[in-house]
Amino acid sequence: MRLFFSLDKIYVMKKIYLDNAATTPILDEVIDAMMLVMKTNFGNPSSTHSLGQEAKMILEENRRLIAQELHVSPAEIIFTSCGTEANNLIIKSAVENLGVKRIITTEIEHKCVYETTLDVQQKSDLEVVYLHVNEKGDIDLQELETALKSSDKVTLVSLMHANNEIGNLLDLEKTAKICKENKAYFHSDTVQTMAHLKLDFSQIPIDFASCSAHKFHGPKGAGFAFIRKTTHLKAQIHGGTQERSLRAGTENVVGIAGLGKAFDISVEKMSEFSVYIQEIKDYAIEQLTTNIPGVLFNGRSAEKEKSLYTLLSISLPSMNPLIGLQLDMKGIAVSQGSACSSGAAKPSSVLSKILSEEVQQITTPLRISFSHQTTKQDIDELVMALKDILKL
């Protein structure tokens, strides 16, 4: 619900939320867990007295919970403020401290990977190889293998598990094995898939991964990096020995408690949530296809098994850069691209790489993303609003 305040009244307008790839509503159970910590566990986890050690126990219990689900050592889970910080830590430290001289990636990675790679390249003699991306947003793993075999430079491969704009899924296990066989480090931005898909890093030889709690109904400002201990990565933030000396600074105990609670709930209910959300996504595809003639589905987002079940990317058969605002005025929140730059509608960096110029000039992109709180009625109201705006 959205509240509008005046001097004498509060106006309430129902808000339909379909932008879960940007952030998700915090669950009540998560808020309760965080409130309890705020009220009773205010100690600094680096303090040696009992109040500090109680806070430390909260950190370590949540670290253990996450590590258990991912089948890794608790020492390999490093709490950060978000996935962006985790990705920055991994990429920058790999170049500065692991002797990485080449990064293999794509031009449709999340900005925190793409721009961090560019920044490191400008400050060093780093070679960057961009894999070709086809019109569906896919890469060719054979091209990756060929690129790995073409040089003996120490290499980091950075490829996201699920694209944050079109939802395409990478075969994480196969990619990791190719990297392992060619003695390359493998990093994957798993922000969109963590706690949504089953991940077992004892079976997937990945070196680095990232997480943001707010993508699975946890708080903003809390995340973690998975860092395989055999890599011996080093810190980027200095000034303390917190987080195994990999991330100095007092930990966000309240946020981490919320992260852990949200992670626990999402993992426990993963099967239930995924089946329900996939049904909602299938319904959205059906209703859009039936009611919006000429609608296009971008990338693999409308294909089961090849895309993340929480996300659908479409191009509407009309050029209308204000459609996000028009939908918002009707009480519907969606995204016209990634939510990581500004509130303004800008051309999608991902879609500009995979869609022809002709399609980009005559269509309007929308990213619709779902959660277990999304209903079929929400989809019906979205479709009705789109028909009204498009005069269908």
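Residues numbered from 1 in each chain as written. Predicted model: local features only at pLDDT ≥ 70, side-chain atom pairs only at ≥ 80, totals over all residues. Heavy atoms only, no water.

**Student:** Sorry if this is basic, but what is going on with the pattern of salt bridges here?
**Tutor:** If charged atoms from side chains of opposite charge come close, those side chains can pair. For the structure on display, the rule yields 19 salt bridges. Through salt bridges with shared partners, one network takes in Lys-56, Glu-60, Arg-63, Glu-243 and Arg-244. (Salt bridge = Lys/Arg side-chain N within 4 Å of Asp/Glu carboxyl O.)

**Student:** Help me understand the sheet that holds strand S11 (residues 296–297), please; the structure alone is not making it clear to me.
**Tutor:** The pairing of strands in a sheet comes from backbone hydrogen bonds and takes either a parallel or an antiparallel form. Pairing is antiparallel across the open sheet formed by 3 strands, whose spatial order is S11-S12-S14. Of all strands in the sheet, those with a lone pairing partner are S11 and strand S14 (364–369), marking the two edges. In this sheet, strand S12 (residues 311–316) lies alongside S11 in antiparallel orientation, the contact comprising 2 bridges. Bridge pairing links Leu-296 to Ser-315 in S12. Along the sheet, helix H9 (residues 270–291) makes contact with S11, S12 and S14, crossing S12 at roughly 10 degrees. (Pairing = 2+ DSSP bridges. Helix = DSSP H or I, 4+ residues; strand = E, 2+ residues; numbered from the N terminus. Contact = heavy atoms within 4.5 Å. Axes fitted to C-alpha atoms, helices over the stretch in contact; angles between N-to-C directions.)

**Student:** When you look at the pairing of strand S10 (residues 223–227) in this model, what are you seeing that I'm missing?
**Tutor:** Two faces, one strand: in a regular strand the side chains alternate between the faces of the sheet. Within S10, 5 of the 5 residues are buried, which leaves the element mostly enclosed by the surrounding structure. Sheet analysis places strand S4 (residues 77–80) next to S10, joined by 4 bridges and oriented antiparallel. Its bridge partner being in S10, Phe-79 is matched across the sheet by Phe-224. Taken together, the 5 bridges between strand S9 (residues 208–212) and S10 define a ladder with antiparallel strand orientation. (Buried < 20%, exposed > 50% of the residue type's maximum accessible area, 1.4 Å probe, protein only.)

**Student:** Would you take a moment to explain the environment of Ile-31 for this structure?
**Tutor:** The topology assignment puts Ile-31 in helix H1 (residues 28–40). In this structure Ile-31 comes out as partly exposed when scored by relative accessible area, which is 37%. Separated by 57 residues in the primary sequence, Ile-31 and Asn-88 have C-alpha atoms spaced 28 Å apart.

**Student:** When you look at the environment of Lys-387 in this model, what are you seeing that I'm missing?
**Tutor:** Topologically, Lys-387 is positioned in helix H13 (residues 376–389). Its relative accessible area of 28% is what places Lys-387 among the partly exposed residues. The spatial distance from the C-alpha of Lys-387 to the C-alpha of Ile-292 is 7.0 Å, given a sequence separation of 95 residues.

**Student:** Honestly, the nonpolar core in this entry has me stumped. Any pointers?
**Tutor:** Formed by 50 residues in total, the largest nonpolar core has its most connected members in Leu-70, Ile-77, Leu-144, Val-157, Phe-186, Phe-201 and Phe-224. Element by element, the count of residues in this core is highest for helix H8 (residues 253–268), at 8 residues. Leaving out residues up to four positions away in the same chain, Leu-144 has contacts with Ile-104, Leu-131, Val-157, Leu-159, Thr-175 and Ile-178. Counting residues in hydrophobic clusters, the runner-up holds 31 residues, among them Ile-16, Leu-316, Ile-368 and Leu-386. (Core = buried A, V, L, I, M, F, W, Y, C linked by side-chain atoms within 4.5 Å.)

**Student:** Explanation requested: unusual backbone geometry in the structure shown.
**Tutor:** As a rule of thumb, non-glycine residues mostly have phi less than zero, and peptide bonds are mostly trans rather than cis. One non-glycine residue, His-232, lies in positive phi territory at about 60 degrees. Assignment of secondary structure puts His-232 in the loop between S10 and helix H7 (242–245). When its relative accessible area of 59% is taken as the criterion, His-232 is described as exposed. For Glu-305, which is not a glycine, the phi torsion comes out positive at approximately 75 degrees.

**Student:** Even after reading the chapter, I still don't get the packing of H9 against H13, so can you show me in this structure?
**Tutor:** The relative placement of two packed helices comes down to the angle between their axes together with the axis-to-axis distance. Contact geometry for H9 and H13: axes closest at 10 Å, N-to-C directions at 25 degrees. Relative to H13, H9 is oriented roughly parallel. In the crossing of H9 with H13, the sense of the turn from one axis to the other is right-handed. Residue-level contacts link Ile-280, Tyr-283, Ala-284, Gln-287, Leu-288 and Asn-291 of H9 to Lys-376, Ile-379, Asp-380, Val-383, Leu-386 and Lys-387 of H13. Of the residues belonging to the contact of H9 with H13, the class tally is 7 nonpolar, 2 polar and 3 charged. (Parallel < 35°, antiparallel > 145°, perpendicular 65-115°, else oblique. Left-handed = near helix turned anticlockwise from the far one by under 90°. Nonpolar A, V, L, I, M, F, W, Y, C, P; charged D, E, K, R; others polar.)

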